[in-house]
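In case you want the letters, here they are:
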There are 4 protein chains.
Amino acid sequence: MQIQNFKQVVDEYKVIFFDAFGVIKNYMGLVPGIEKTFEYLEENNKPYYIVTNDASRSPVQLAESFHRMGLKAIRYDHIISSGMLAKEYLDLKVHHGIVAYLGTANSAHYIETSGLHTLPVSMVDESNIDQVNALVLLDDEGFDWFKDLNKSINILRRRNIPTIVANTDTAYPLNINDVSIAIGGIATMMENIVGKKFIRFGKPDSQMFMFAYDLVREQMPIGKKDILMVGDTLHTDILGGNKFGFDTVLVFTGNTLAEDAETRITSSGIVPTYICDTAVIS
Amino acid sequence: MQIQNFKQVVDEYKVIFFDAFGVIKNYMGLVPGIEKTFEYLEENNKPYYIVTNDASRSPVQLAESFHRMGLKAIRYDHIISSGMLAKEYLDLKVHHGIVAYLGTANSAHYIETSGLHTLPVSMVDESNIDQVNALVLLDDEGFDWFKDLNKSINILRRRNIPTIVANTDTAYPLNINDVSIAIGGIATMMENIVGKKFIRFGKPDSQMFMFAYDLVREQMPIGKKDILMVGDTLHTDILGGNKFGFDTVLVFTGNTLAEDAETRITSSGIVPTYICDTAVIS
Amino acid sequence: MQIQNFKQVVDEYKVIFFDAFGVIKNYMGLVPGIEKTFEYLEENNKPYYIVTNDASRSPVQLAESFHRMGLKAIRYDHIISSGMLAKEYLDLKVHHGIVAYLGTANSAHYIETSGLHTLPVSMVDESNIDQVNALVLLDDEGFDWFKDLNKSINILRRRNIPTIVANTDTAYPLNINDVSIAIGGIATMMENIVGKKFIRFGKPDSQMFMFAYDLVREQMPIGKKDILMVGDTLHTDILGGNKFGFDTVLVFTGNTLAEDAETRITSSGIVPTYICDTAVIS
Amino acid sequence: MQIQNFKQVVDEYKVIFFDAFGVIKNYMGLVPGIEKTFEYLEENNKPYYIVTNDASRSPVQLAESFHRMGLKAIRYDHIISSGMLAKEYLDLKVHHGIVAYLGTANSAHYIETSGLHTLPVSMVDESNIDQVNALVLLDDEGFDWFKDLNKSINILRRRNIPTIVANTDTAYPLNINDVSIAIGGIATMMENIVGKKFIRFGKPDSQMFMFAYDLVREQMPIGKKDILMVGDTLHTDILGGNKFGFDTVLVFTGNTLAEDAETRITSSGIVPTYICDTAVIS
């Protein structure tokens, strides 16, 4: 396992895609020094995109949170979230009625679209259940797990409607020791119980990368060979990036620790093009 | 699909095993007339056993609930529950310390055993986590899903201890329309997140049938051919009974409706020896 | 379940995507009358694309087979196969050495690319195994299952290389009664045994639809709303089309029979936008 | 991770159960010195049983193979194989007609039972398919994989009959580098394709342990606490033994290497009661 210098790797590509959590920030805040990476990209005219499985907030809110942490360079229109794909799906495929959701009001605000009414699962009842035309799983917070997960199951038994999962992760780190169950983990339990096929957006699925790739190509003529995907998680960032045809780099500031990397790469068969300690260019 | 008369089927066997929910009772109470079946068995000296995936109460409490409903014939020592297997496991394999649990105080009371201290997951903290030597999943009620499911995940990341699931069902019927997520469904989600192998008790697992079969054999010389298993669910009662070597009968008073039975039998490949409308002998 | 007229559905869209097997042809040959559909599309200047999980032949060979059957209208450059995605992956991500494959020589011929040497798994040995940089699963024919599946497993235990599966189907129909195990079914068995993550191309994966969508957009300004996906299989054509944002139509000339459609749609939760008996415009 | 002396562990128990492959023998032949273990057991009047997932031969043939290797102590009536459970199932549950099988003639010879006719899958045809009342998967050798796996799938689509899998392993070691796909791995692929539930016998399933436990109890009054299960594989020997209520010991002469043991125990959550280098008592 050869560790390479991130700056030298970046120099080989025209556009850089970053995962957010575990690469730019983690549960302690910004990865120290990461602002220098974005300065370097700007100086060298290398566009970047953040490709994140975070559907709890809109790109504008995600950008603001980076700004509050001190990373001013991140522009909202350079952030691609799995929530954007959920929103696009609703725009294209659900034309009227109610979209019931599990998540915070914030996460739901973002998917609102003309002609559709968003409603928390807790407020679905006999008077409106016949108008529910989609269920969207956005976030693990903002609802009563016992009441609303059971209610969601029974809505899906009554209504043959699409269920959209806007985050494929099963858990996320809370601090150095602990994790929290993510909505993607809950979604799999619900899918098994109702026996129906949910529609999932988020890495490693190609649709995330396609969305970002389309945005880049609108601005410059470019091929998949010119793009580098930077991530901390083999099963999402690296598997998805590889499959889409990008070169990939694994960093050690998040889910994958330096001491476990070789074992995990061998046992999973998911091989990044490069391995770097960090995405910080110092 | 040939429907047979339950009394004629019963007459061919020496001992009858019954599932509880969906055969003797359902969400509306006792299956009307079921008390006549137990009168008939008594008159004809045919021992019966109730083999149930219900770990929420002790056999004594389960028997009392039948008595309150009006079915006086059911004796507690003829009830085999998956909770009994959880209790046997703890007796044999966990010799000291704390057994943390998810479920009601009632369900936990039953698994108490000398030398072990049972504690709800909500009361595990830094002061006692190092003494937690097993986690037992008993019931879907009696705890805060959000707090305690997340806490359970993190206990299992800190302690390499056995996790016992005392009910393999993923959901159970609440009323004619609605179901409720069962602890077995939650267990699968937790197992996937922590990546560890849980120990499950309950039909279709052979251990349930073996426990009952051992009890019968203590009382009379008998073979598997002499026992009939009566159930409403193909994937638990019928699959498990068939695999153990019992003849099986599917009834339509619970999970499997008469109109769906043929499709479900064909698509699952789980074929009962007999099909009857009900376990009521009228 | 309302059955609609295919011509009226088609009239609402600018571009039509078709699955091949079960829509245009089946095990008996061309679907009778299907040539009229392509005449109608031509007359009305509606471009079409064939989007198929068939990686056993190149688009040129697939087009020729349509021509031999009597459907002259199908142009090779309107056929998108999962084999094309496998080829693109190798072009982008594997730069030298040997690509070992399971499949016929025909299927392998198509994925040949400059700088890479394709070799059937049967010809991998101690002298060349260290140069094997990818394994591609193309077809269920053209190799000895016992010898070459076992050999493939052991290659993957020795070499930490990407495994590409160019067909996600698990089985395909041979005649009215019988099916044949497809390479996608074999791939899952191998993946479980070696414990590694394979890279799969083919519907319902978005990458198939993106490839076709990119081709269309090179020729005309168009959005996802303007495209109709026609298929016979809920889990591939309809699920994948829906997820990508296309409207979808289910037809009954292949995997889904008219009498089963409603049950399957309800139990899977995969709901086509329209249902038509056939894609024939008469 | 504390390594203990096998002799001292054995001294704590009255009866010892052994896995065969990886404990008593491996691909190189007998584990050197293992005959001393059986001498010690005999001297100390400790009964032993071999509990093996090998359905390719009868207990008599398995015992003879130990004798040929030089281990004369192993008696055939102390060997419990998953093939015995398959045979018991057929005796109890299939009363007439043909049992089709995948495996060698040797493996099928053993499951022959009065009134049933065993027939290799290759010999099932239109003239006899209607009499086929069970399919048994015994061994990965003795048939043409391509022809007979496809044929088996189509038999199961035509006949709604039980499928019995007499070996749950997915692969087995051939030599220090290579493995071979086992019939249990093939069974999972077939089960997924036909969508039916197969009946599996073999560790970690409790039925294996129950069969052996019943044999022991016929000879001496004994409880689960008095029995030690010795195995080399966490997911079969140790998980199954633990669940049944036995104390367990992991040895390093087979599937689990000393250097991997701690990682595997932690990541799987399957914790043996003891860990020893070997089952040899020197």
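Note that the structure is a prediction, hence the values are computed from the model and not measured.

As a further point, take the arrangement of the chains. Separated throughout, chain B and chain C approach each other most closely at a C-alpha pair spaced 11 Å apart. Regarding chain A and chain D, which are not in contact, the minimum distance between any of their C-alpha atoms is 11 Å.

Okay, the relation of the copies chain A and chain C next. Superposing chain A onto chain C takes a rotation of 180 degrees plus a shift of 0.0 Å along the axis, which leaves an RMSD of 0.0 Å. The two molecules are tied by a two-fold rotation axis, judged by turn and shift. No C-alpha of chain A lies nearer the rotation axis than that of Ser 206 of chain A, which sits 3.1 Å from it.

Overlaying chain B with chain D gives an RMSD of 0.0 Å, the required rotation being 180 degrees about an axis along which the chain moves by 0.0 Å. A shared binding surface is used by both copies, with 100% of the interface residues of chain B retained as interface residues in chain D.

This next bit is on the domain arrangement of chain A. All names here are of chain A. Split by domain assignment, chain A resolves into domain 1 (6-53 + 204-276) and domain 2 (83-200). Placing the centre of domain 1 and that of domain 2 at their C-alpha centroids yields a distance of 28 Å. The interface is formed by 6 residues belonging to domain 1 together with 9 residues belonging to domain 2. Along the lines of polarity and charge, the residues of the side of domain 1 that touches domain 2 split into 3 nonpolar, 2 polar and 1 charged.

This part covers the pairing of strand S13 (residues 227-231) of chain C. Residue and element names in this part refer to chain C. Of all 5 residues in S13, 5 are buried, a share of seventy percent or more. Bridge count between strand S1 (residues 15-18) and S13: 4 bridges; the pairing is parallel. Looking across to S13, one finds that Phe 17 is bridged to Met 229. As judged from the 4 bridges shared by S13 and strand S14 (residues 247-251), these two strands associate in the parallel manner. Paired with Val 230 across the two strands is Val 249, which belongs to S14. Following the backbone out of S13, through helix H9 (residues 234-244) and into the adjacent parallel S14, one traces a crossover that is right-handed.

Basis of the calculations
- Residues numbered from 1 in each chain as written.
- Chains lettered and ligands numbered in written order.
- Predicted model: local features only at pLDDT ≥ 70, side-chain atom pairs only at ≥ 80, totals over all residues.
- Contact = placed C-beta atoms within 7 Å.
- Least-squares fit on C-alpha atoms with pLDDT ≥ 70 in both.
- Domains from an automatic or database assignment.
- Nonpolar A, V, L, I, M, F, W, Y, C, P; charged D, E, K, R; others polar.
- Buried ≥ 20, exposed ≤ 12 C-beta atoms within 10 Å, placed from the backbone.
- Helix = DSSP H or I, 4+ residues; strand = E, 2+ residues; numbered from the N terminus.
- Pairing = 2+ DSSP bridges.
- Right-handed = clockwise from strand over helix to strand, strands pointing away.

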